[in-house]
Amino acid sequence: MRPFTATISIDEARRRLAEAVRPIDRTETLPITDAAGRVVAVDVLATSHVPPFDRSLMDGYAVIAAATAGATRETPVRLEIVERIYTGQSPTAAIGAGQCAEIATGAPLPVGADAVVMVEESAMDGDSSVRLFTTVAAGQNIGRRGADLSPADVVVRRGDVLNPSRIGALAAIGATAIDVFVKPRVAVTSTGNEIVRPGDPRTPSQIYDVNQFTLGAIVAAHGGVPEIHDAAPDTLVDLEEALDRCADADVILFSGGSSVGERDLMVDLVRQRGQMIFHGIAVKPGKPTLFARIGDAAFFGMPGNPTSCLSNAYILLVPFLRATARLPIEAPRIVRVPLGRRIVSQAGRHQFYTVRLEDGTAMPAFKGSGDITSMSRADGYIEIPADQSTVEEGTTLSVTLF
Ligand code: AMP
Ligand code: MG
């Protein structure tokens, strides 16, 4: 056994991780249909007007505004209809004195017209003329060419996340493809002689791999591409081979073997191959977590215990991954509720304690660091500071939801 010489605080771990982030620089070009949720790599400027022509914002009549002066229900103005302009059609005639054109929403405004009277303010007068019941001002009910975007306007900026409206803005300028940052490649390897992939045969002393799946799901949900590798047995040689298989990764996640038992070889691996940035955090669960730089990759040695592993994935890995992927920090979703039952916590370590929401109270859900149901049956967690050992029933708490 090689005991932890010193643990660092959760805040110090966060600080070192933030400092170690290397945001992805590689880019790729994607069809806009495949770009939802991706991060824009270059400013995109409009090269044309949106809309490309002055258009009607209403179904109605394109008029010379001055011609409607004094029009009311009692004193309508009568105008001759020179043509009917539907969407997708170009007007063929200019509007002159005493004239108008019937026009559809989105259709191009004819030359001469400078306003539209909505159809509700009109009545046909025979086949080819109309009575208008209201006065319009120049510009009324018209969408000007370029009102949405004009050439050289920024459509999307480098760093913008492509939400549906930004993909829409790209479509509006006729873009079919967009340069985005690639997603970080994140290698995921479980370690331990006892770890077997679900579906594979196992001996009575083996267990199914959980961390591969929780970590894979976290990575995929936060902008990375998980690359899942076979579990590695507990020898340094096997771990080195497993590490060699991660050569292309931006971020490498190993789980297990990060503690201080004789077979906890992660420390030796990092010592051989990289530079340790921290090992051991004063946090519960998840104390045996290490972070290192190995070559160009960031290396996380996550705890083997499934709840410790996933808890630290939420707290430490997610912000790191998002920053690497250039995604914005997610604002935590927090509810304030009273605690339904007293909790006793271990002093000296900042605790992330899982709770279930039941009838407007937070009920303890934490069983043990090794039990995935500590999390799978919880709705979120509360934080209990290192210097606090009990939380009394009835205390109002902030629950951070998963
Ligand atoms: P370790 O960190 O390797 O000492 O493992 C701590 C505990 O977590 C042990 O009980 C392991 O069997 C268990 N464990 C390690 N890795 C996994 C995994 N990928 N899935 C499920 N349990 C694991
Ligand atoms: Mg192990």
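Along each chain, numbering runs from 1 in the same order as the chain's sequence is written. Each chain gets a letter, beginning with A, and each ligand a number, beginning with 1, in the order they are written. The model is predicted, so local features are restricted to residues of pLDDT at least 70 and side-chain atom pairs to those at 80 or more, both for listing and for counting; the totals for chains, interfaces and linings are taken over all residues. With hydrogens and water excluded, all non-hydrogen atoms of the structure serve as input to the side-chain values.

**Digging into the domain arrangement of the protein chain**
Bring the parts together and some accessible area is lost; that lost area is often taken as the interface size.
Part 1 of the reasoning: The split of the chain into domains comes from an automatic or database domain assignment. Along its sequence, the protein chain is carved into domain 1 (10-25 + 183-324), domain 2 (29-50 + 156-181), domain 3 (55-143) and domain 4 (334-401).
Part 2 of the reasoning: Each of domain 3 and domain 4 has a C-alpha centre, and these two points are 66 Å apart.

**With respect to helix H1 (residues 10-20)**
Part 1 of the reasoning: Those residues of H1 not exposed but buried are Ile 10, Ala 13, Leu 17 and Ala 20. End-on view of H1: buried residues confined to an arc of 90 degrees, all on one side of the axis. Of the exposed residues in H1, those oriented more than 90 degrees away from the buried face are Asp 11, Ala 18 and Glu 19.
Part 2 of the reasoning: Looking at the buried positions of H1, the neighbouring elements they touch are strand E18 (275-279), strand E19 (283-284), strand E20 (290-294), strand E21 (297-302), helix H6 (306-325) and strand E24 (350-358). When a residue's accessible area, from a 1.4 Å probe over protein chains only, is under 20% of the maximum for its type it is buried; when over 50% it is exposed; and in between it is partly exposed. A run of DSSP states H or I qualifies as a helix once it reaches four residues; a run of E qualifies as a strand once it reaches two. Both are numbered from the N-terminal end. Here the arc refers to the directions that run from the helix axis out to each C-beta atom. The contact definition used throughout considers only heavy atoms, calling two residues in contact when any of these lie within 4.5 Å.

**What to know about the environment of Leu 215**
Part 1 of the reasoning: Along the chain, Leu 215 falls in helix H3 (residues 211-221).
Part 2 of the reasoning: Classification of Leu 215 as buried rests on a relative accessible area of 0%.
Part 3 of the reasoning: In the structure, Leu 215 is positioned 82 residues away from Phe 133 in sequence and 67 Å away in space, judged by C-alpha atoms.
Part 4 of the reasoning: Ignoring sequence-local partners within four residues, the contact set of Leu 215 consists of Val 188, Leu 253, Ser 255, Met 302, Cys 309, Ala 313 and Leu 317.

**Re the sheet that holds strand E7 (residues 115-118)**
Part 1 of the reasoning: Pairing in this open sheet of 6 strands is mixed, and the strands run E7-E4-E6-E5-E9-E8 from one edge to the other. Two strands in the sheet have a free side with no partner beyond their single neighbour: E7 and strand E8 (122-124). If you compare each strand with its neighbour and ignore which way they point, the axes differ by 40 degrees on average.
Part 2 of the reasoning: Being paired, for any two strands, means DSSP has found at least two bridges between them. Bridge analysis of E8 against strand E9 (residues 129-132) gives 3 bridges, and the strand direction is antiparallel. Looking across to E9, one finds that Ser 122 is bridged to Leu 132. Fitting a line to C-alpha atoms yields each axis, with helices limited to the stretch in contact; the angle taken between N-to-C directions then spans 0 to 180 degrees.

**What about the packing of aromatic side chains?**
Part 1 of the reasoning: Here the aromatic set is Phe, Tyr and Trp, taking the six-membered ring for Trp, and pairing holds for ring centres within 6.5 Å; pairs whose planes are under 30 degrees apart are stacked, those over 60 apart are edge-to-face, and all others are tilted. In total, this model carries 9 aromatic pairs according to the counting rule given.
Part 2 of the reasoning: When the ring of Phe 254 is compared with that of Phe 299, the centres are 5.2 Å apart and the planes differ by 50 degrees; the resulting orientation is tilted. On the criterion of sequence distance, the pair formed by Phe 254 in strand E17 (residues 251-255) and Phe 299 in strand E21 is long-range, its members being 45 residues apart. Just as Phe 254 is buried, Phe 299 falls in that class too.
Part 3 of the reasoning: Centroid distance Phe 352 to Tyr 381: 5.4 Å. Interplanar angle 75 degrees. Geometry classified as edge-to-face. Of the two residues, Phe 352 is situated in strand E24 and Tyr 381 in strand E26 (residues 380-384); the sequence distance between them amounts to 29 residues.
Part 4 of the reasoning: In this structure Tyr 381 comes out as buried when scored by relative accessible area, which is 13%.
Part 5 of the reasoning: Among the aromatic residues, ring-to-ring pairing joins Phe 278, Phe 291, Phe 300 and Phe 320 into one connected group.

**Section: the side chain of Thr 68**
Part 1 of the reasoning: Along the polypeptide, Thr 68 turns up in the loop between strand E4 (60-63) and strand E5 (77-85).
Part 2 of the reasoning: Look at Thr 68 and you get buried, because its relative accessible area is 0%.
Part 3 of the reasoning: Polar contact is the term for a pair of N or O atoms within 3.5 Å; when the atoms are in protein, one must be able to donate a hydrogen and the other to accept it, and sequence-neighboring residues count only if both atoms are side-chain atoms. Polar side-chain contacts of Thr 68 include one of 3.0 Å to the backbone nitrogen of Val 136.
Part 4 of the reasoning: Those residues in contact with Thr 68, other than ones at most four positions away along the chain, are Val 63, Val 77, Val 117, Leu 132, Thr 134, Thr 135 and Val 136.

**Some words on H3**
Part 1 of the reasoning: All of the buried residues in H3 are Asn 211, Gln 212, Thr 214, Leu 215, Gly 216, Ile 218 and Val 219.
Part 2 of the reasoning: In this structure, the buried residues of H3 make contact with strand E13 (185-190), strand E16 (225-228), E17, E21 and H6.
Part 3 of the reasoning: Among the residues trailing H3, Gly 223 stands out with phi positive, at a value near 90 degrees.

**Here's the deal with the site of ligand 1**
Part 1 of the reasoning: By nearness alone, 14 residues border ligand 1, and Glu 194, Asp 209, Val 210, Gly 257 and Gly 304 come closest of all.
Part 2 of the reasoning: Separating a nitrogen atom of ligand 1 from a backbone N or O atom of Val 210 is a distance of 2.9 Å.
Part 3 of the reasoning: Within the backbone of Asn 305, an N or O atom sits 3.2 Å from an oxygen atom of ligand 1.
Part 4 of the reasoning: Under the convention used here, a 1.4 Å probe and the Shrake-Rupley method define accessible areas, while residue burial counts only the protein chains that appear. A total of 480 Å² of accessible area belongs to ligand 1 in isolation, and the protein chains cover 76% of it.
Part 5 of the reasoning: The residue classification treats Ala, Val, Leu, Ile, Met, Phe, Trp, Tyr, Cys and Pro as nonpolar and Asp, Glu, Lys and Arg as charged. All others, Gly included, are polar. In terms of residue class, the shell around ligand 1 is made up of 5 nonpolar, 6 polar and 3 charged. In these notes, residues near a molecule or strand are those with any non-hydrogen atom within 4 Å of it.

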